[in-house]
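Results of the structural survey
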Amino acid sequence: MNERLLNIILSSLTLDELDIKNIKENLTNIKNVIYFLVNREFVKEEELIELLAKRLREGKLSIDDLDDLPMELTEKVLKKYAKILNIEYVDLDTFDINMRLLSRIPLNQLKKFKVVPLKESEINILVAISDPIDIAAQEAVQRMFPKKPVKFVLASKKQIENFLYKVELNENIKEYINEIRQDLLTGIEKKGGIEESSAVLKLIEAILKTAILSRASDIHIEPTENSCIVRTRVDGILNEKFIFDRDIYPPLSSRLKLMANLDIAEKRKPQDGRFSETIMNKEFDFRISTLPIISGESIVMRILDKSKALIPLEEAGMSNYNFTVFTKALKVPYGIILVTGPTGSGKSTTLYGALNMLRSVEKKIITVEDPVEYQINHVQQSQVNPKIGFTFASALRSILRQDPDIIMIGEIRDQETMRIAVQAALTGHLVLSTLHTNDAISAINRIIDMGIEPYLVSGALIAIEAQRLVRRICPYCKTEIELEPTAYNDIKPYLPENYRFYKGKGCRHCDYTGYSGREMISEVLRVDEDIARMIAKEESKEKITQTALEKGFKTMLEDGINKAIEGSTTIDEVLRVTRL
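Residues numbered from 1 in each chain as written. Predicted model: local features only at pLDDT ≥ 70, side-chain atom pairs only at ≥ 80, totals over all residues. Heavy atoms only, no water.

- Under an unreviewed UniProt entry, the protein chain has the name General secretion pathway protein E and belongs to Nitratiruptor tergarcus DSM 16512.
- Check the Sequence similarities (unreviewed entry) section of the UniProt entry for the protein chain; it says "Belongs to the GSP E family." (UniProt positions renumbered as here; feature names shortened; annotations may be inferred.)

Shown next, in the form of structure tokens:
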């Protein structure tokens, strides 16, 4: 534990010796001490920020000491510190950095002084520095830019280190970048142009390999005024992987479009395509989408692992209570079961898991999807094609003539599809589908708002499951923590007498995020006779919720808090996905 930081904090408070002894003996790190003091109202957060910013100015604390603080508190302290020094605070994650300016300084010098040149104007050069009272670093940077005065702004040390790590990653593929630049100069003479350059292919392979190794689900390639940024989505969260100069973007985007059989000359309209690639002796499918934006075209690739097996429903992460209620509903011979949640909440995975559980030689199961992502034996899967008029509604009408027992509709988007689904459910079919609503009970109002009569809804609905995906704590760096004050106040009513919470510190196994993989938190509303009667009478959402809670219904927030107490996820994650 950082003794200097601890003593500065404790000496500023009126605590008796016993309190101080208990804190030092029972709390393992500064973060826990701070959360404990704020939660128990020994100190206000604003007073603590003021104190730490002043001690930084007086030189009694160093910038390195801030590494032990919670990240959100570090940012607030730095903003206050910048105000005291009368300089600007900059958030590097939102700044469009001029990569050409940055490349004028050797990387080892930038790392040594913890600085990042940001942009050049006619008057000066803007440079982010982690320690604004480090005179030696300031003088060294000024010598690097002898022709113009340097204006320093404050940025967090962690952001500067993260950014320079990305630059270092780029250094490793500099060879390909230089080859591409060489090809750009001679590309016109080459047969097929720059798009056929082997260096571009090597760069694409490096991007795909990096994304797959970090367990990414999507790759985003985005041009800005000065650069080209490559981001990957891991466990639902985007993070930057590469930053290239702007001149690398045109050959990169053209080659990707060629791979997916898209029109490379068409830059004004969105395009969609797909391609397959063998990475590390394994075949992957990539769905690619382009969108015209002010600075070029935004390119997004969805990674589909062909060998990825369907997750059995029992392994999807439902709590025992929710799993029992949901599987009981699946055994009902006819009616509608809805899975709800926002895009990317794992709805399709749950539906595939349900189909996997239901499929057998005795049942005819037909699906209509957009698109079919995974193929399942004993299930007839069809894919919508709006260009030829084969929509969810028209597909559903045809499916009903195929004598099915179970129908799965990828998504109910309009009244026509919903009405056919309800009629199918009322005439003896089990219908599974997804809907975009925030929670299970909201789905009832959504169906009625779509124009379906309440008496039909009450007769057709069997169950509604709502879900979100939360990131799992990395098992290698899991550690016990005290809750951050805001989170503690939000969940206080749900806490049992004895509870513990955990967090991942960050290690090489989880790419220093503290998380590895994802699992589901959910709520399942079983529509029994009482609730069906309330739906038919158009009772309010509040009344239905009250009745459901009395019958044992557990909300998604409650399910998430239980998962956090069990140690599978963090409260931060639960609140992130359930706060609407």
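Observations concerning the packing of helix α20 (residues 529–536) against helix α21 (residues 541–550)
- Contact geometry of α20 with α21 gives a least axis separation of 10 Å together with a crossing angle of 175°. With respect to α21, the element α20 is oriented roughly antiparallel. Between α20 and α21, the residues in contact are I531, M534 and I535 and K543, I544, T547 and A548, respectively.
- Split by residue class, the contact of α20 with α21 holds 5 nonpolar, 1 polar and 1 charged. (Axes fitted to C-alpha atoms, helices over the stretch in contact; angles between N-to-C directions. Helix = DSSP H or I, 4+ residues; strand = E, 2+ residues; numbered from the N terminus. Parallel < 35°, antiparallel > 145°, perpendicular 65-115°, else oblique. Contact = heavy atoms within 4.5 Å. Nonpolar A, V, L, I, M, F, W, Y, C, P; charged D, E, K, R; others polar.)

Let's talk about the pattern of salt bridges
- Inspection of every chain in the model, using the stated rule, returns 34 salt bridges.
- D439 is paired through a salt bridge with K541; the nearest N and O atoms lie 3.1 Å apart. On the criterion of sequence distance, the pair formed by D439 in the loop between β14 (430–435) and α17 (442–449) and K541 in helix α21 is long-range, its members being 102 residues apart.
- Owing to a relative accessible area of 28%, K541 belongs among the partly exposed residues under this scheme.
- Across the pair E573 and R471 runs a salt bridge whose closest N-O atoms are separated by 3.0 Å. (Salt bridge = Lys/Arg side-chain N within 4 Å of Asp/Glu carboxyl O. Buried < 20%, exposed > 50% of the residue type's maximum accessible area, 1.4 Å probe, protein only.)

What to know about the side chain of T547
- Mapped onto the elements, T547 comes out in helix α21.
- Excluding anything up to four places from it in sequence, T547 contacts I531 and M534.

A look at the sheet that holds strand β1 (residues 115–120)
- Across the sheet, 3 strands lie side by side as β1-β2-β3; this open sheet has mixed pairing. At either margin of the open sheet sits one strand with a lone partner, and together these are β1 and β3 (150–154). Direction aside, neighbouring strands of the sheet carry axes that sit 30° apart on average.
- Judged from the 5 bridges that link them, strand β2 (residues 125–129) and β3 form a sheet pairing that is parallel. Within the sheet, the bridge partner assigned to I125 lies in β3 and is V150.
- Running at roughly 135° to β3, helix α8 (residues 135–144) makes contact with β1, β2 and β3 of the sheet. (Pairing = 2+ DSSP bridges.)

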